[in-house]
Amino acid sequence: MQTRHHEASGRLVLKGVPASSGIAIGKAFVLDADLPVDATERVTPDRIANELQRFQSALESVTTELTQAMELAVHEGATAVSIVESFQLVASDALVHQSIAQHIASGLSAEASVAREFDAHKTVLYRSGDAFLRSRAQDLEFVKERIIAALRKRMLSHAQGTDSIVVAPHVTPQDMLFFKTTQTLGYLTEVGGINSHVCILARDMGIPAVIGVAQATENICTGSLLIVDGFSGVVVVDPDEATLVEYQQKMTQAEAYREKLGELVHKPTETTDGVRLALLANVDEPDNVDDAMMAGAEGVGLVRTEYLLMRLGRYPTEAEQTAWYLDIAQRTYPSQVTFRAFDVGSDKFRQGIPHVEDNPALGLRGVRFLLYRPDLFQQQVCAVLRASIHGNVRLMLPMVSTLEEVERSKALIEECKQHLASQGVEFDASMPVGMMIETPAAAMMADLFAQHADFLSIGTNDLAQYALATDRTNDLVADIFDPMHPAVIRMVHMIVQAARTHNKSVSVCGEMAGHASATEMLVGLGITELSVTPRLLLEVKRRILHANYNDCVLLAEQLLNCATVKDVHRILDSLSVSSKNDLLA
Ligand code: PEP
Ligand code: MG
């Protein structure tokens, strides 16, 4: 694929992968957190006070980070405690602080001052030839990196301002949450996979995004005017007037289309031949519930509670969690809300995972982490139970791969109920406990799990990742990672059959549920509940309103017999064209 070309007009057109639909037009803000620090970088005298302030704030955030690390380290044992202690010692050295402040006062930037000071000490320690002192040099390097990372985050918040388009080698889910506060218009990255949690967040927030744009940070300068087309994956740098007008018109058309979809809000979600479906919403925070309800959601099918951890940067107390869950449950009432227990690990929040993992997606993630840290799991379960008081709350387990995980989780939930009951706390004693089906093991054993869980929900993002053995965040294997792979379709079919046999409800809450071209297939496979990001809800409803159930069943049969993912797409694409024509008529 050609990914970069200059047009006759001189404008530069880059091509990437569309990751979150919509069009953004604005000034670029290029962020390269991996750039080496220039230890000679100077600032003008009027910025010295500001640099001192930035250093103080960065130091505070690193101190907090280390205090939290220590809270977690005490559970890990003496070695972890002594490692964090030595970091704390370095970070709290008043002489080092004084010296950095002097560098800043002399006109060096905060980053340059930190680098100079720490590097000077490190050189002395390395030269000592003493093994113990050399290991202290590594502590210095760690603390230096943390302070510089904190400074760069703050630099982003200071410098980015509002209304810009972020250009970065890659971004993290935490960055995404931060972008929301700076009202980022859009973003583009050099790497990443479209079903990574970053892209899911971008779609939830309605921020247009293009990923996999090779050498974007080299080709784009901060301040350049950019067009990011999250529908096609095209990025135009310094567009000419005609291109600008063309994209402004596209934005207006997209808006008009959204307004037209708004007419569907109060229509019941059923196929042309009367098969009723439930459309639910995936929600990240309380405010999303209102968006979901306005778009006609019949409830909340998935709350990714780990986003609360990412926002706070720590594990919240039981009281904080109770308030958050209760707020969401009350906004959803009388409809139902499904809280998924913290899916910590992999590309999400990683605090409490004892060491760096070589294969984090295959590591201490989801329910495995919760059972490894029953103290955190109990706190969360108690908070969800407290929020269940109105009877509209369900709890769901993430990343289950063995029956023991379900049994141990249920035993823990029982203990929490007994504990709360002994304290006279009111809760819904029959709160349903369900599980995600997102590992091939869970899919293959869905008939068994359906007998132990109150409901099932299919996480097609991870199901595809694990079934196809492709990292969902890795652009190098993005062509293999495709949830429309016949293997995944067959698994969804198996799961639906198993749930039916045991009379249990089954929904799809992975990104496939919101993928417009998958709607008819999912209906045909027998799915009756779809949970999608609120922004996509009406588009999915539109598809359902135009679908005929019997045709969907025939389509599903055809797809179940496909040999390749290409065959699946060929069939679905021909359907998209005819269905879109219907709709716009
Ligand atoms: C999934 O895996 O499909 C899912 C819904 O969970 P997450 O995207 O949060 O991993
Ligand atoms: Mg998942």
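Remember, predicted model here, so these are calculated numbers, not experimental data. The residue numbering used here restarts from 1 in each chain and proceeds along that chain's sequence as written. Naming scheme: in the order in which they are written, chains are lettered from A and ligands are numbered from 1. For this predicted model, a pLDDT threshold of at least 70 governs which residues receive local features, and a threshold of 80 or more governs which side-chain atom pairs are given and counted, while totals over whole chains, interfaces and linings are taken from all residues. Side-chain metrics rest on all non-hydrogen atoms present in the structure, leaving aside hydrogens and water.

Comments concerning the overall build of the protein chain
Logical step 1: Assigned secondary structure in the protein chain consists of 23 helices and 17 strands.
Logical step 2: A globule of 585 residues ought to have a C-alpha radius of gyration of about 25 Å, and the protein chain, at 26 Å, matches this closely.
Logical step 3: Oriented by its inertia axes, the alpha-carbon framework of the protein chain measures out at about 75 × 75 × 40 Å.
Logical step 4: For the exposure calls, accessible area comes from a 1.4 Å probe over protein chains only, and a residue counts as buried if that area is under 20% of its type's maximum, exposed if over 50%, partly exposed in between. A total of 585 residues make up the protein chain; the buried ones form 53% of that total. To qualify as a helix, a DSSP run of H or I must reach at least 4 residues; to qualify as a strand, a run of E must reach at least 2; elements of each kind are numbered from the N terminus. Computation of the radius of gyration draws on C-alpha atoms, with the globule rule given as 2.2 Å multiplied by the number of residues to the power 0.38.

Some details on the coordination of the magnesium ion (ligand 2)
Logical step 1: We call an atom a donor if it is N, O or S and sits within 2.8 Å of the metal, or 3.2 Å for Na, K and Ca. Water is not counted, so some sites may look partial. Every protein donor of the magnesium ion (ligand 2) is accounted for by Glu 438 (OE) and Asp 462 (OD), and the metal-donor separations fall at 2.0 to 2.1 Å. Placement of Glu 438 in the loop between strand E14 (433–437) and helix H16 (440–444) and of Asp 462 in helix H18 (residues 460–467) is noted, with a sequence separation of 24 residues between them.
Logical step 2: Asp 462 sits in the buried class, given a relative accessible area of 2%.

Considering the pattern of salt bridges
Logical step 1: A pairing counts as a salt bridge when a side-chain nitrogen of Lys or Arg comes within 4 Å of a carboxyl oxygen of Asp or Glu. Following the criterion strictly, the structure yields 30 salt bridges and no others.
Logical step 2: Here Glu 414 makes a salt bridge to Lys 417, at a shortest N to O gap of 3.6 Å. Taken together, the positions of Glu 414 and Lys 417, both in helix H15 (residues 403–422) and three residues apart, correspond to about one turn of that helix.
Logical step 3: Glu 414 sits in the partly exposed class, given a relative accessible area of 40%.
Logical step 4: Linked by salt bridges that have partners in common, Glu 306, Arg 340, Asp 343, Lys 348, Arg 365, Asp 462 and Arg 472 make up one network.

A closer look at helix H7 (residues 197–205)
Logical step 1: Of all nine residues making up H7, nine are buried, and the element is well covered by its neighbours.
Logical step 2: Taken together, the buried positions of H7 are His 197, Val 198, Cys 199, Ile 200, Leu 201, Ala 202, Arg 203, Asp 204 and Met 205.

Describing the packing of aromatic side chains
Logical step 1: Put simply, two rings from Phe, Tyr or Trp (the six-membered ring, in Trp's case) pair if the centres are within 6.5 Å, and we call them stacked under 30 degrees between planes, edge-to-face over 60, tilted for the rest. Going through the model one piece at a time under the given rule, you end up with seven aromatic pairs.
Logical step 2: Measuring from ring centre to ring centre gives 4.1 Å for Phe 87 and Phe 142, while their planes differ by 15 degrees; the resulting arrangement is stacked. Highlighted residues: Phe 87 in helix H2 (residues 78–91) and Phe 142 in helix H5 (residues 131–160), separated in sequence by 55 residues.
Logical step 3: What makes Phe 87 buried here is its relative accessible area of 13%.
Logical step 4: Relative accessible area serves as the criterion here: at 32%, Phe 142 is assigned to the partly exposed category.
Logical step 5: Members of the aromatic cluster, each reached through a chain of ring pairs, are Tyr 315, Phe 342, Phe 349, Phe 369 and Tyr 372.
Logical step 6: Look at NZ for Lys and CZ for Arg. If either is within 6 Å of the ring centre and within 35 degrees of the ring normal, a charge sits over the ring. Sitting over the face of the ring of Phe 455, Arg 394 holds its NZ or CZ atom 3.6 Å from the ring centroid.

Here we look at the site of ligand 1
Logical step 1: Neighbouring residues of ligand 1: 17 residues in total, closest Arg 304, Arg 340, Asn 461, Asp 462 and Arg 472.
Logical step 2: Counting of polar contacts relies on pairs of N or O atoms within 3.5 Å, with two restrictions inside protein: one atom must be capable of donating a hydrogen and the other of accepting it, and residues adjacent in sequence are counted only when both atoms are side-chain atoms. Lys 348 places a polar side-chain atom, nitrogen or oxygen, 2.9 Å from an oxygen atom of ligand 1.
Logical step 3: Gly 459 has a polar backbone atom sitting 3.4 Å from an oxygen atom of ligand 1.
Logical step 4: Protein contact buries 100% of the 290 Å² of open area that ligand 1 shows by itself. Residues are labelled near a given molecule or strand when at least one of their non-hydrogen atoms is within 4 Å of it. Each accessible area is a Shrake-Rupley estimate made with a 1.4 Å probe; only the visible protein chains count as cover when residues are assessed.

Points about the sheet that holds strand E16 (residues 505–508)
Logical step 1: Pairing between strands is defined by DSSP: at least two bridges between them are needed. One closed barrel accounts for eight strands, arranged E10-E11-E12-E13-E14-E15-E16-E17; its pairing is parallel. Within the sheet, the average angular offset between the axes of one strand and its neighbour, ignoring direction, is 30 degrees.
Logical step 2: Relative to strand E17 (residues 529–532), E16 runs parallel, the two sharing two bridges. Counterpart to Ser 507 in the pairing with E17 is Glu 529.
Logical step 3: Contacts were defined at the residue level, with two residues in contact if any of their heavy atoms lie within 4.5 Å. What counts as an axis is a line fitted to C-alpha atoms, over the stretch in contact for a helix, and the angles between N-to-C directions run from 0 to 180 degrees. Packed onto the sheet, helix H14 (residues 374–387) meets strand E12 (336–340) and strand E13 (393–397) and runs at close to 155 degrees relative to E13.
Logical step 4: Where helix H19 (residues 486–501) meets the sheet, it contacts E14, strand E15 (455–458) and E16, and its direction lies at approximately 170 degrees from that of E15.

What to know about the domain arrangement of the protein chain
By a widely used convention, the size of an interface equals the accessible area lost when the partners come together.
Logical step 1: The domain architecture assigned to the protein chain consists of domain 1 (3–31 + 178–242), domain 2 (45–151) and domain 3 (272–584).
Logical step 2: Domain delimitation follows an automatic or database domain assignment. Placing a centre on the C-alpha atoms of domain 2 and another on those of domain 3 gives a separation of 41 Å.
Logical step 3: In short, buried area is how much 1.4 Å probe accessible area vanishes from two parts on joining, totalled over both. Here domain 2 packs against domain 3, burying approximately 500 Å² in sum over the two surfaces, 48% of which is carbon and sulfur.
Logical step 4: The tally of links between domain 2 and domain 3 comes to zero residue pairs in polar contact (both at pLDDT 80 or more).
Logical step 5: The residue makeup of the side of domain 2 that touches domain 3, split by class, is one nonpolar, two polar and one charged. Gly counts as polar in this scheme, as do all residues outside two lists: the nonpolar Ala, Val, Leu, Ile, Met, Phe, Trp, Tyr, Cys and Pro, and the charged Asp, Glu, Lys and Arg.

As for the nonpolar core
Side chains of a nonpolar character, in soluble globular proteins, are inclined to be buried together.
Logical step 1: The criterion is simple. A nonpolar core is a set of buried Ala, Val, Leu, Ile, Met, Phe, Trp, Tyr and Cys residues joined through side-chain atoms within 4.5 Å. Counting residues in hydrophobic clusters, the biggest one holds 120 residues, and the most contacted among them are Tyr 187, Met 435, Met 521 and Leu 522.
Logical step 2: The residue makeup of this core includes at least three contributed by each of domain 1 (3–31 + 178–242) and domain 3 (272–584).
Logical step 3: Once residues within four sequence positions are removed from consideration, Leu 522 is found in contact with Val 492, Val 508, Met 512, Ala 513, Ile 527 and Leu 530.

What to know about the packing of H19 against helix H22 (residues 549–560)
Logical step 1: Where H19 contacts H22, the two axes come as close as 9 Å, and the packing angle between them is 125 degrees. With respect to H22, the element H19 is oriented oblique. Considering the relative orientation of H19 and H22, their crossing is left-handed. Of the residues in H22, those touching H19 at Ile 489, Arg 490, His 493 and Arg 500 are Tyr 549, Leu 559 and Leu 560.
Logical step 2: Broken down by class, the residue content of the contact of H19 with H22 amounts to four nonpolar, one polar and two charged. Should an angle lie under 35 degrees it is considered roughly parallel, over 145 roughly antiparallel, and from 65 to 115 roughly perpendicular; all remaining angles are considered oblique. We call a crossing left-handed when the near helix sits turned anticlockwise from the far one by less than a right angle, and right-handed when that turn is clockwise.

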